[in-house]
Amino acid sequence: MLLVPCPHCGPRNAADLRYLGETTVRPDPSSADPDAWRSYLYLRDNPAGWLTETWYCRSGCRRYFTLERHTVTNEFRQSPLPFAKGERS
Amino acid sequence: MTTMRMLTTGIRRRSAVSGSARYSAAGLIKRGITGESWPRAWRDHELKSSYDVVIIGAGVHGLAAAYYLAANHGITNVAVLDKGYVGGGGSGRNTAIVRSNYLTPEGVAFYDRSLTLYNTMAGDLNINVMFSERGHLTLAHTDSALRTMRWRAEVNKLQGIDSNVIGPDEIKALTPSLDTSANTRYPILGALYHPPGGTIRHDAVNWGYARAANALGVQIHQNTEVTDIVVVGGERESGRGGGGRVTGVRTTRGDIATPIVLNATAGWASLIAAMAGVRLPITTHPLQAAVTEPVKVFLPTVVVSGSLHVYVSQTDRGELVFGASVDPFATYDMRGSLDFTEELAGHVLELMPGISKMRLLRQWAGLCDMTPDYSPVMGFTPVEGFLSDVGWGTYGFKAGPVSGEQMAECIATGRTPKLIAPFALERFTAGQLVGEKGAAAVGH
């Protein structure tokens, strides 16, 4: 079991959340070429180490947030941007 | 017919393992009487400073590629490197199920070739791989699942694969321990029945390829971790990435010069590719499996349920082997979880209430490199001399022989064989994904 520290609800079982994977930067739609779009859609760093990732607290506060997790030890640490872009007040 | 095929393949392959090292009934009797031990299946070698081809990963894919390079193309100056031991990754952690009833024509053609190679493997490699062609049932619990089964059956039949949809009565007749009544939470409405599917002993497959490849001159280096791939002339500042060319690898046992590196790893594919400056469309998830205590044989087929996220088969020793879908988040951690055990037990008992008193013996996990379309990434990459045979998700073992054969052809001829062309890395930039989620994943 993985305990995910939700910034609102505190530690919760990963099964209560939805995992959205590696946090990626969306290219600018007005200037991105198909290559950049598809890299954004599909290519991932998939590191064995610290990874910035997005979770959705589906059975709690229902907010998206960003955390850093070590993919070998599964430790969490706070990301500088705890909530997804555009949602932070 | 079978004897003829054994004879001809025996002649074709007789150079692979010969003399007293050959496994045979006569040898078994002789050694039983004299107490003489068998020779080592493969030898250890000193690491040379250069090879024609370096293959990273001594699992079924890497070893099969090495074997077919030597057997089909005469390229024997080959090293297979592994940071652990032969078959210690996904090749020894899977649930040993083989089948070819996929959804896309590309997938069906590919996996069917693999089944053909598995069929003649015992003769080709001179090792008992214990292939049990026991039939494979994919259960449907919903109308939409049944529709997918019919779709798959028609795609399969069109390509000459033995595959058809059967109803609950026929399922009950084939596998009486399944609860086919309408009174369950997820009633069994039908199943896709695939008689050529079955199980095979995965360790014997790994050892067979290692032994046969080594007999042909391929060197297998265990406990040899690749720490870097040397690329020159790439478009990035580091000299890696597109446009570059591989000149060698660095390992924990010394540097090796080589023009060709094949990435045949699972779990660490992204990390190896990153050494050459190649980004892959892969995230790594663990998949857990479990095995029960042994009981008398009662389960004659392989049973899979996509809706219940479980697949079950019984080994020759009588243990039930269970597998599930991948864990829902990416990690390189292979610890088991209680969530998995609870969910598994609940779902298996939904299918077979009669086994509620059985105890689990152990559980384990293996790493799966998941791609967005549930198809692998095979062939050339933007870096010259760096090839990949990765992204095998949860279905890599059953594709081992054909992947090895096709990758060997790819390396030897410098061209992408037709069978693996749909699985090239470029499909992601070209937008030509090969969607196999409906037939490759258990959790769909």
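Computed from a predicted structure; not experimentally measured.

### As for the overall build of chain B
So, point 1. Scanning chain B from terminus to terminus reveals 14 helices and 19 strands.
So, point 2. Computed over C-alpha atoms, the radius of gyration of chain B comes to 22 Å, within 12% of the 22 Å expected from 2.2 N^0.38 for 444 residues, which places it in the range of a compact globule.
So, point 3. Across its three principal axes, chain B shows a C-alpha extent of roughly 65 × 60 × 45 Å.
So, point 4. Burial analysis of chain B (444 residues in total) assigns 57% to the buried set.
So, point 5. Partitioning the intrachain contacts of chain B with sequence separation of at least 6 by distance along the chain shows that 76% fall at a separation of at least 24.
So, point 6. Of the accessible surface of chain B, which amounts to about 18,000 Å², a share of 53% is contributed by carbon and sulfur atoms.
So, point 7. Put simply, chain B has 40 plus and 38 minus side-chain charges, and the middle of one group is 5 Å from the middle of the other.

### Description of the nonpolar core
All names here are of chain B.
So, point 1. Counting 67 residues, the largest nonpolar core has Ile 55, Phe 110, Val 205 and Tyr 209 as the members making the most contacts within it.
So, point 2. When residues of this core are assigned to their parent elements, the largest contribution, nine residues, is made by helix α3 (residues 60–73).
So, point 3. When residues of this core are sorted by domain, at least three fall in each of domain 1 (2–23 + 49–96 + 203–282 + 373–440) and domain 2 (136–196 + 284–369).
So, point 4. Among all residues touching Val 205, those that are not within four sequence positions of it are Val 60, Tyr 118, Met 121, Val 129, Ile 200 and Phe 397.

### Here's the deal with the domain arrangement of chain B
All names here are of chain B.
So, point 1. According to the domain assignment, chain B contains domain 1 (2–23 + 49–96 + 203–282 + 373–440) and domain 2 (136–196 + 284–369).
So, point 2. At the junction of the two partners, domain 1 supplies 16 residues and domain 2 supplies 18 residues.
So, point 3. Summing both partners gives a buried area of about 1,300 Å² for domain 1 against domain 2, and 58% of it is carried by carbon and sulfur.
So, point 4. For the domain 1 face of the interface with domain 2, the top three residues by lost area are Arg 93, Thr 95 and Gly 267, together amounting to 43%.
So, point 5. Summed over the shared surface of domain 1 and domain 2, the number is zero salt bridges.
So, point 6. If you look at where domain 1 meets domain 2, you find five residue pairs in polar contact (both at pLDDT 80 or more).
So, point 7. Counting residues per element, the ones that place at least two in the side of domain 1 that touches domain 2 are α10 (269–275) and α14 (437–440).
So, point 8. Here the element with the most residues in the side of domain 1 that touches domain 2 is α10; it accounts for three residues.
So, point 9. Residue composition of the side of domain 1 that touches domain 2, grouped by class: seven nonpolar, eight polar and one charged.

### Points about the packing of helix α5 (residues 105–119) of chain B against helix α12 (residues 400–413) of chain B
Any two packed helices are characterised by the angle at which their axes cross and by the distance between the axes.
Residue and element names in this part refer to chain B.
So, point 1. Two numbers describe how α5 lies on α12: the axes approach to 7 Å, and their chain directions differ by 105°. As the angle between them shows, α5 and α12 are arranged roughly perpendicular. The residues of α12 that touch α5, namely those facing Phe 110, Arg 113, Ser 114, Leu 117 and Tyr 118, are Gly 400, Pro 401, Val 402, Ser 403 and Glu 405.
So, point 2. Class assignment for the residues of the contact of α5 with α12 results in five nonpolar, three polar and two charged.

### Comments concerning the interface of chain A and chain B
So, point 1. Of the residues lining the interface, 20 residues belong to chain A; the matching set on chain B comes to 23 residues.
So, point 2. Carbon and sulfur atoms make up 52% of the surface buried where chain A meets chain B, a total of about 1,900 Å² over both sides.
So, point 3. Looking at the side of chain A facing chain B, the largest losses of area belong to Tyr42(A), Leu43(A) and Asn46(A), adding up to 34% of the total buried there.
So, point 4. Where Arg279(B) meets Asp45(A), a salt bridge forms, and the shortest distance between an N and an O atom there is 3.0 Å.
So, point 5. Remark: the boundary between chain A and chain B carries eleven residue pairs in polar contact (both at pLDDT 80 or more).
So, point 6. The element that contributes the greatest number of residues to the side of chain A that touches chain B is helix α1 (residues 34–42) of chain A, accounting for three residues.
So, point 7. Classifying every residue of the side of chain A that touches chain B by side-chain character gives ten nonpolar, five polar and five charged.

### Focus on the environment of Thr76(B)
So, point 1. On the secondary structure map, Thr76(B) appears in the loop between α3 and β2 (78–81).
So, point 2. Setting aside residues up to four positions removed in sequence, Thr76(B) forms contacts with Ala70(B), Leu216(B), Gly217(B) and Val218(B).

### Details of the sheet that holds β2(B)
Residue and element names in this part refer to chain B.
So, point 1. Here six strands make up an open sheet; going across it, the order is β8-β2-β1-β12-β19-β18 and the pairing mixed. Whereas interior strands pair on both sides, the edge strands pair on one side only; in this sheet they are β8 (219–221) and β18 (377–380). This sheet shows a mean twist of 20° between the axes of neighbouring strands, independent of strand direction.
So, point 2. Where strand β12 (residues 260–263) lies against strand β19 (residues 386–390), three bridges are found, and the strand directions are parallel. Opposite Val 261, over in β19, you have Phe 386 as the bridge partner.

Rules of the game
- Residues numbered from 1 in each chain as written.
- Chains lettered and ligands numbered in written order.
- Predicted model: local features only at pLDDT ≥ 70, side-chain atom pairs only at ≥ 80, totals over all residues.
- Heavy atoms only, no water.
- Helix = DSSP H or I, 4+ residues; strand = E, 2+ residues; numbered from the N terminus.
- Rg over C-alpha atoms; globule rule 2.2 N^0.38 Å.
- Buried < 20%, exposed > 50% of the residue type's maximum accessible area, 1.4 Å probe, protein only.
- Contact = heavy atoms within 4.5 Å.
- Areas by Shrake-Rupley, 256 points an atom, 1.4 Å probe, with all protein chains shown as cover.
- Lys, Arg positive; Asp, Glu negative; His and termini not counted.
- Charge placed at Lys NZ, Arg CZ, Asp CG, Glu CD.
- Core = buried A, V, L, I, M, F, W, Y, C linked by side-chain atoms within 4.5 Å.
- Domains from an automatic or database assignment.
- Buried area = accessible area lost by both parts, 1.4 Å probe.
- Salt bridge = Lys/Arg side-chain N within 4 Å of Asp/Glu carboxyl O.
- Polar contact = N/O pair within 3.5 Å; in protein donor to acceptor, adjacent residues only side chain to side chain.
- Nonpolar A, V, L, I, M, F, W, Y, C, P; charged D, E, K, R; others polar.
- Axes fitted to C-alpha atoms, helices over the stretch in contact; angles between N-to-C directions.
- Parallel < 35°, antiparallel > 145°, perpendicular 65-115°, else oblique.
- Pairing = 2+ DSSP bridges.

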